[in-house]
Protein chains: 2
Amino acid sequence: MPKDRAPTRIQKKNRAAILDAALNVFSAHGFRGATVDQIAAEAGLSKPNLLYYFPSKNAIHTALLSGLLDVWLAPLHDLDADGDPMEEMLSYIGRKLQMSRELPRESRLFANELVQGAPRIHDALSNDLKALVDEKTAVLTGWMDQGKIARLHPYHLIFSVWALTQHYADFDIQVRAILGDEDPFEGAAPFLDTLYRKLLTP
Amino acid sequence: MPKDRAPTRIQKKNRAAILDAALNVFSAHGFRGATVDQIAAEAGLSKPNLLYYFPSKNAIHTALLSGLLDVWLAPLHDLDADGDPMEEMLSYIGRKLQMSRELPRESRLFANELVQGAPRIHDALSNDLKALVDEKTAVLTGWMDQGKIARLHPYHLIFSVWALTQHYADFDIQVRAILGDEDPFEGAAPFLDTLYRKLLTP
DNA sequence: CGTGAGTTTGACCATATGGTCAAATCAAGA
DNA sequence: TCTTGATTTGACCATATGGTCAAACTCACG
């Protein structure tokens, strides 16, 4: 394995290629369903070569998850307590829907992990995620107290955003089987806009 | 394998035990992550004994999925075009949420399959599911035309029900990591009731 | 009981898969 | 160019896993 120095040009390139390939494979087949050979092939490396950069399949998966958790939570993180409540919420929902559209692999990576009991990120959920959600639900509750948005259970309100937006990435196949040629996001954006305007108006 | 006669007492018992065990294992680990040994152990049978009742791992999975698809779609199937629109929708949502509460394994079984591109039930989606959804969205559109419920994209309205209800079964771990001791369904039921009342009121 | 169908299993096989290793090759600075 | 560390690989290993099979055992019924 590479020493603990500054990464070389080749190291940067290969590590990135591996993580990108791993994202493809893990998100499409889950941890157990993914094979190291498959990831190596997709990254254009031999298996031993891949294992020269990451010590194990598990290490790749862990690196992926922890590297992407921040990206995944960024939209919620950006919810601004000082902004206009309704606008902030609608823009949060818009950012989240955009992520489902542009980063479906990441969404499915987490979906796979969560559906199977999150064996590898349970800690991150109870710590980082819980902390972020608690911080933001406090903001929501504040807005409700001020009568700026309708009073609702703040946790379930957050859940609803996650469910409604990630559904389009995670269950893409089902959505497309029903919509046919129609672009899912074309209809989803105005639908969610309407939904949350009605829901949040006091 | 057993002949094509009426199933014996033992056949009934073992087939049922296998399918129940398989539901446990497949829903928790996905198709690839489940092993025949694991299912056999959970069913209290030896592996060759299990394979005496089902010819392969795939056959068990297929039997499970097709056997449960009807159960899974029953709530939507029961949506009555002749009932009161708002009541019908709220009761559909209630039934669906109830299913997430009582049949989380079934929900995760389908979630696992869908997230990974539904390789084994793609046909059922484009045929049976699509047909049922088309039938029911026609009912919804009718209600919208009559001004009984708000005009919304009917497909996305259905998707929203699926997303919001199944989220509590599929991502149970995440929901509980955030809610702590609070029972998810305790809060979800009134939340969804409020949400859809606001959304569907014309 | 006796008997034949139904049921169960230990032993086994072929393949897939995560991972190792020593040897070969390559790249970049002195 | 030479040297040294970084990179790459073919060959290999141990284990896991889906599946098979012939032999043994059980059960229901005449």
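All values reported here derive from a predicted model rather than from experimental measurement.

1. As for the nonpolar core
Now for step 1: One finds L157 and Y196 of chain A together with L157 and Y196 of chain B to be the most contacted residues of the largest nonpolar core, which totals 146 residues.
Now for step 2: Every residue in contact with Y196 of chain B, bar those within four places of it in the chain, is listed here: M86, L90, I93, L157, S160, V161, L164 and T201 of chain B.

2. Topic: the packing of aromatic side chains
Residue and element names in this part refer to chain A.
Now for step 1: The final tally for this structure, using the stated rule, is 12 aromatic pairs over all chains.
Now for step 2: Ring geometry for Y52 against Y53: centres 4.9 Å apart, planes inclined by 80°, an arrangement best described as edge-to-face.
Now for step 3: We classify Y52 as partly exposed; its relative accessible area is 38%.
Now for step 4: Ring geometry for Y168 versus F185: centroids 6.1 Å apart, planes at 50°, classification tilted. Of the two residues, Y168 is situated in helix α8 (residues 154-170) and F185 in helix α10 (residues 184-200); the sequence distance between them amounts to 17 residues.

3. Observations regarding the protein's contact with DNA strand C
Now for step 1: The full set close to DNA strand C counts 21 residues, and K57 of chain A together with T8, Q11, R32 and Y53 of chain B are the nearest of them.
Now for step 2: Counted by atom, the contact set of DNA strand C within 4 Å of the protein is 60% sugar and phosphate.
Now for step 3: K57 of chain A is positioned with one of its backbone polar atoms (N or O) 2.8 Å from a phosphate oxygen of DNA strand C.
Now for step 4: One nitrogen or oxygen atom from the side chain of N14 of chain B is found 3.0 Å from a phosphate oxygen belonging to DNA strand C.
Now for step 5: Those elements that provide at least two residues to the surface near DNA strand C are α3 (47-53) of chain A together with α1 (9-33) and α3 (47-53) of chain B.
Now for step 6: Of the residues in the surface near DNA strand C, the class split is 8 nonpolar, 7 polar and 6 charged.

4. Describing the protein's contact with DNA strand D
Now for step 1: Surveying the vicinity of DNA strand D reveals 22 residues, the closest of which are T8, Q11, R32 and Y53 of chain A together with K57 of chain B.
Now for step 2: Each atom of DNA strand D within 4 Å of the protein was assigned to sugar, phosphate or base; sugar and phosphate come to 63%.
Now for step 3: In the environment of DNA strand D, a phosphate oxygen lies 2.5 Å from a nitrogen or oxygen atom belonging to the side chain of T8 of chain A.
Now for step 4: At a separation of 2.9 Å, a base nitrogen of DNA strand D approaches a polar side-chain atom of K47 of chain B.
Now for step 5: Tallied by class, residues from the surface near DNA strand D come to 9 nonpolar, 7 polar and 6 charged.

5. Some details on the interface of chain A and chain B
Now for step 1: Listed as interface residues are 52 residues of chain A and, on the opposing side, 52 residues of chain B.
Now for step 2: Buried surface at the junction of chain A and chain B, summed over both partners, amounts to about 4700 Å²; 70% is from carbon and sulfur atoms.
Now for step 3: Summed over the shared surface of chain A and chain B, the result is 0 salt bridges.
Now for step 4: At the boundary of chain A and chain B, one finds 15 residue pairs in polar contact (both at pLDDT 80 or more).
Now for step 5: Broken down by secondary-structure element, the contributors of at least two residues to the side of chain A that touches chain B are α1 (9-33), α6 (104-115), α7 (122-145), α8, α9 (172-179) and α10 of chain A.
Now for step 6: A total of 11 residues in the side of chain A that touches chain B trace back to one element, the largest contributor, which is α8 of chain A.

So, how was this worked out
- Residues numbered from 1 in each chain as written.
- Chains lettered and ligands numbered in written order.
- Predicted model: local features only at pLDDT ≥ 70, side-chain atom pairs only at ≥ 80, totals over all residues.
- Heavy atoms only, no water.
- Core = buried A, V, L, I, M, F, W, Y, C linked by side-chain atoms within 4.5 Å.
- Buried < 20%, exposed > 50% of the residue type's maximum accessible area, 1.4 Å probe, protein only.
- Contact = heavy atoms within 4.5 Å.
- Phe/Tyr/Trp six-rings, centres within 6.5 Å; stacked < 30°, edge-to-face > 60°.
- Helix = DSSP H or I, 4+ residues; strand = E, 2+ residues; numbered from the N terminus.
- Near = heavy atom within 4 Å.
- Polar contact = N/O pair within 3.5 Å; in protein donor to acceptor, adjacent residues only side chain to side chain.
- Nonpolar A, V, L, I, M, F, W, Y, C, P; charged D, E, K, R; others polar.
- Buried area = accessible area lost by both parts, 1.4 Å probe.
- Salt bridge = Lys/Arg side-chain N within 4 Å of Asp/Glu carboxyl O.

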